[in-house]
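# Close look at the chain arrangement
Each chain, written out:
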Amino acid sequence: MRSKLTVLMILAGLCCMTARGYTQDEKKAEEANSTLSTETLFDNQASISVGYQDIGLEGNPAKFQQYFTPPQGFFMDQFTVDGKQRSDKGPSFQLGLNRFDEESYWNNGSFYSVDPIVSAMGRVSRYRFYFEPAPGATLPPLADRKVQDYSAKWSPLRAVQTVKVYRQSQGVNEPKINGDVIAYESRRVGVETAAKIKDTPVTFALWRENFWPGGNLGQPNSRETHATLDWSPYANDRTSVDVGYSYNQVSQDFVASEATSRVLRVSALSYPVPGLLGQLRIDRIDLDQPITRDGYTNSYNSAVLDLRYNVWSWKLRGGIDYRDVDHLNSVQSAVTNSKQKRYYLQAKKQFRDLVTFTARLDDMDLSNPPTADFLIDPRTLYFNDEQKLDFRADITPLKNVFLYGGFNRDRLNNTYRSANNDIQTWVSGGYVQLTPKISANLDFSRQRWSGSIPPTALDPTPLPRWFPDSRVATASVQYAYDPRTLLLLSTTSSRSIGASDASVGTLGILQDRIYEATLNRTLNQDLAVSVTYRFRKYDDNTEAGMNFKEDQILFSLKANL
């Protein structure tokens with residue numbers, strides 16, 4: 001640990017070095033020397049950020065790397081190149097490489113031309129992490145997720161305004177402790193167009209996705225085709241009408257039937273009188289799902305009305321969401337007809353420039369809750385009664401002080417399972433500019449859960465981890481020593497009473513504390529350095545062998561080339 005502090009002190013000294021400032025004559029001379037000849041297509045600008053990170057870890061490395069694998073030693077943090085022709089109508093491009101190493105990287109590039117308007121973009125990323133951490137020092141295999149996304153867009157600015165084609169692919173390999181593996185690969189290709197027919201906008205989209213389980217690139221196991229069409233047949237200064245239709249089809253090799261869905265949507269937006277905005281949406285959805293064990297069909301009719309009205313310093317909003325759903329399983333042994341009604345009302349009021357108060361009330365009622373896949377899960381899919389209350393206040397007592405506070409309560413009931421939830425959430429915080437050089441932030445939140453969600457006799461599987469009482473507090477201070485030097489201090493502390501994944505009946509305490517200090521120093525207009533020290537302590541007595549403690553020293557150097 002002493003060696004790390006020594007390195008930190010040396011690097012901090014480098015950050016605080018005083019760099020020679022540029023005189024006006026030197027700056028003009030540099031700009032003159034950097035002027036490119038007329039034969040050069042692009043005026044290139046590049047920047048690079050490199051870093052060194054030392055991590056000391058005690059405890060469970062799999063839990064520490066559950067969401068990402070941080071780099072160690074020397075690494076390239078970021079490299080970007082921007083090229084732009086001197087003419088405003090000329091082409092431009094950008095290339096970016098982020099955290100480029102074998103464990104994780106994010107690479108992206110783009111090309112853009114104004115006349116004609118053509119753009120092309122690409123993105124490749126890879127993430128390595130432990131999908132399911134094991135207790136103690138046992139390390140499961142690393143999970144791997146790769147994503148590729150490429151697209152090209154053309155805007156001829158005639159009847160067809162834009163044409164976009166794209167290709168997306170994803171590969172996932174996530175080993176689990178018990179030996180199972182979540183692995184698949186998928187590839188999607190699609191096209192999107194936007195046009196005008198007799199001055200009315202029309203958009204169309206079509207994509208096809210193939211899915212290979214286990215990452216096998218032989219014949220795909222399933223295929224999905226999706227098409228949407230949107231049309232705006234009417235619009236004036238006060239009212240606009242949109243019509244949409246979508247079709248989706250899913251087929252699987254081991255099932256003879258195909259799953260299909262059709263959606264028809266009609267929506268209207270209107271300003272009937274000054275200050276009043278109304279929006280109405282009506283949907284019809286037909287779903288045929290025969291590829292499950294006890295296949296079913298659903299039909300949805302829904303209508304949503306949303307009204308907003310501004311009067312004096314009040315902003316009012318209210319509406320209703322009504323849905324009628326028919327459920328029928330394939331053998332017609334179970335039929336349900338559900339009706340869901342949700343009402344909401346919101347009011348926002350500003351008292352001078354000091355206080356802004358917002359309140360919202362939601363109430364939902366569902367009659368005859370539906371069931372689906374009856375042989376697999378006999379439980380209802382939804383809570384059939386819900387009330388939600390939300391308050392928030394923003395206060396600015398002084399020009400350099402901002403405070404906020406809020407309360408949310410969500411009550412849910414499921415009479416079929418004799419279950420109820422009562423979730424209460426409090427938030428508060430503020431910002432203060434103590435001096436022209438020093439500012440501070442403080443935020444606190446707490447969420448409490450009470451109620452009962454007992455597993456049914458037909459479903460004795462334990463519930464996943466849950467936390468009846470959780471608290472999170474964050475605090476930070478910024479000190480601008482001079483225009484080139486900034487010191488950041490922050491801390492985050494969370495404390496939860498929760499249950500493990502293995503047993504919901506045994507409660508314990510989970511604590512996660514993080515302390516971080518960062519010193520940023522701009523040496524000149526093309527060079528900046530940063531030093532960060534971070535300490536984290538994770539204690540979890542809901543599951544044995546998950547604790548860890550780590551400290552990091554990160555030094556980064558950013559240069560404009």
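Everything numeric here is computed off the predicted structure, so don't read it as measured data. Every chain's residues receive numbers from 1 upward, in the order its sequence appears when written. With the structure being a predicted model, the display of local features is reserved for residues of pLDDT at least 70 and the display and counting of side-chain atom pairs for 80 or more, all residues being used for whole-chain, interface and lining totals. In computing side-chain values, all of the structure's heavy atoms are included and hydrogens and water are not.

### Notes on the overall build of the protein
As a reminder, the rule being used: Under the scheme used here, helices are H or I runs from DSSP no shorter than 4 residues and strands are E runs no shorter than 2 residues, and both carry numbers assigned from the N terminus. Under the scheme applied here, a residue whose accessible area is under 20% of the maximum for its type counts as buried, over 50% as exposed, and between as partly exposed, the area being computed with a 1.4 Å probe on protein chains only. Any two residues having at least one pair of non-hydrogen atoms within 4.5 Å are treated as being in contact. Each accessible area value is a Shrake-Rupley result obtained with a 1.4 Å probe; residue values ignore everything except the protein chains displayed when judging cover.
Within the protein, the regular secondary structure consists of three helices and 26 strands. By residue count, 31% of the 561 residues in the protein fall in the buried class. A separation of at least 24 residues holds for 51% of the contacts in the protein among residues at least 6 apart in sequence. Accessible area for the protein stands at about 32800 Å²; split by element, carbon and sulfur atoms hold 57% of it.

### Re unusual backbone geometry
Located in the positive-phi region is tryptophan 312, a residue other than glycine, with phi close to 55 degrees. Phi at arginine 352 takes a positive value of approximately 55 degrees, unusual for a residue other than glycine. Along the polypeptide, arginine 352 turns up in the loop between strand S16 (335-351) and strand S17 (355-367).

### Looking at the packing of aromatic side chains
For clarity, the threshold we go by: Here is the rule: rings of Phe, Tyr and Trp (six-membered ring for Trp) pair when centre to centre is within 6.5 Å. Planes less than 30 degrees apart are stacked, more than 60 are edge-to-face, and the remainder are tilted.
For the coordinates displayed, the defined rule picks out nine aromatic pairs. Their ring planes at 55 degrees and their centres at 4.7 Å tell us that tyrosine 52 and phenylalanine 74 sit as a pair that is tilted. With tyrosine 52 in strand S1 (residues 43-59) and phenylalanine 74 in strand S2 (residues 73-84), the pair connects residues that are 22 residues apart, well separated along the chain. Seen in terms of ring centroids, tyrosine 538 and phenylalanine 548 are 5.2 Å apart; in terms of plane orientation they differ by 10 degrees. Their pairing is stacked. Placement of the pair is tyrosine 538 in strand S25 (residues 527-540) and phenylalanine 548 in strand S26 (residues 548-560), with a sequence separation of ten residues. Residue classification places tyrosine 538 among the buried positions, given a relative accessible area of 6%.

### Examining the side chain of glutamate 209
Cut-off, in case you're wondering: N or O atoms within 3.5 Å of each other form a polar contact, as long as, within protein, one can give a hydrogen and the other can take it, and as long as residues adjacent in sequence are counted only when both atoms are side-chain atoms.
By secondary structure assignment, the location of glutamate 209 is in strand S9 (residues 200-213). One polar contact links glutamate 209 to arginine 188, side chain to side chain, over a distance of 2.9 Å. Not counting chain neighbours up to four residues away, the residues in contact with glutamate 209 comprise Ser186, Arg187, Arg188, Ser222, Arg223 and Glu224.

### Some points on the environment of leucine 488
Within the secondary structure, leucine 488 sits in strand S23 (residues 485-499). Given the relative accessible area of 27%, leucine 488 is considered partly exposed. C-alpha of leucine 488 to C-alpha of alanine 440: the two residues are 48 residues apart in sequence and 9.9 Å apart in space. If sequence neighbours within four positions are ignored, leucine 488 has contacts with Val477, Gln478, Glu516, Ala517, Thr518 and Asn520.

### Some details on the side chain of serine 47
Position of serine 47 relative to the elements: it lies in strand S1. Exposure remark for serine 47: the relative accessible area of 12% places this residue in the buried category. Engagement of the side chain of serine 47 in a polar contact is seen with the side chain of threonine 80, the distance being 2.7 Å. Those residues within four positions of serine 47 in sequence are excluded, and the remaining contacts are Gln78, Phe79, Thr80, Ala559, Asn560 and Leu561.

### Brief notes about a nonpolar patch on the surface
Rules: Candidate patch residues must exceed 30% relative accessible area and have no salt bridge, after which like charges are joined if within 9 Å and Val, Leu, Ile, Met, Phe, Trp or Tyr side chains if within 5 Å. When a carboxyl oxygen of Asp or Glu is within 4 Å of a side-chain nitrogen of Lys or Arg, the pair counts as a salt bridge.
A cluster of nonpolar side chains, namely Phe204, Leu206, Leu229, Tyr245 and Leu264, defines an oily patch on the protein surface of about 410 Å² accessible area. Position of leucine 264 among the secondary structure elements: in strand S12 (residues 258-270). Overall, the relative accessible area of 42% leaves leucine 264 in the partly exposed class.

### Describing the environment of aspartate 394
Position of aspartate 394 relative to the elements: it lies in strand S18 (residues 385-398). When the C-alpha atoms of aspartate 394 and leucine 354 are compared, they prove to be 8.1 Å apart, with 40 residues separating the residues in sequence. Once you skip the residues sitting within four places of it in the chain, aspartate 394 turns out to touch Leu354, Val355, Thr356, Phe402, Leu403 and Tyr404. Within polar-contact distance, the side chain of aspartate 394 engages the side chain of arginine 392 at 3.1 Å.

### Details of the confidence of the model for the protein
Put simply, the test is: Scored from 0 to 100, pLDDT records how confident the predictor is in each individual residue.
On average, residues of the protein score 82 in pLDDT, and 81% of them reach the 70 mark or higher. Scored below 50 in pLDDT, residues 18-27 makes eleven contacts in the model with residues more than four places away or belonging to other chains. Segment residues 372-380: pLDDT under 50, and 26 contacts once partners within four positions in sequence are set aside and those in other chains are kept.

### What about the pairing of strand S8 (residues 181-197)?
Consecutive side chains of a regular strand alternate in pointing toward one face of the sheet and then the other. Stated formally: When DSSP finds two or more bridges between a pair of strands, those strands are recorded as paired.
The pairing of strand S7 (residues 160-175) with S8 spans 15 bridges and is antiparallel. Bridged to tyrosine 166 within S8 is glycine 190. The turn linking S8 back onto S9 is made up of two residues, and lysine 198 within it adopts a positive phi angle of 55 degrees.

### Describing the pattern of salt bridges
Proximity of charged atoms lets side chains of opposite charge pair with each other. Applying the stated criterion to the full structure yields 26 salt bridges. One salt bridge in this structure joins aspartate 144 and arginine 128, with 3.9 Å as the shortest N-O distance. With a gap of 16 residues between them, aspartate 144 in strand S6 (residues 143-155) and arginine 128 in strand S5 (residues 117-129) connect regions that are remote in the sequence. Of the two residues examined, aspartate 144 and arginine 128, each falls in the buried class. Between aspartate 321 and arginine 323 there is a salt bridge; the shortest N-O distance is 3.4 Å. Overall, the relative accessible area of 12% leaves aspartate 321 in the buried class. Taken together, the shared-partner salt bridges in this structure form one network comprising Arg126, Arg128 and Asp144.

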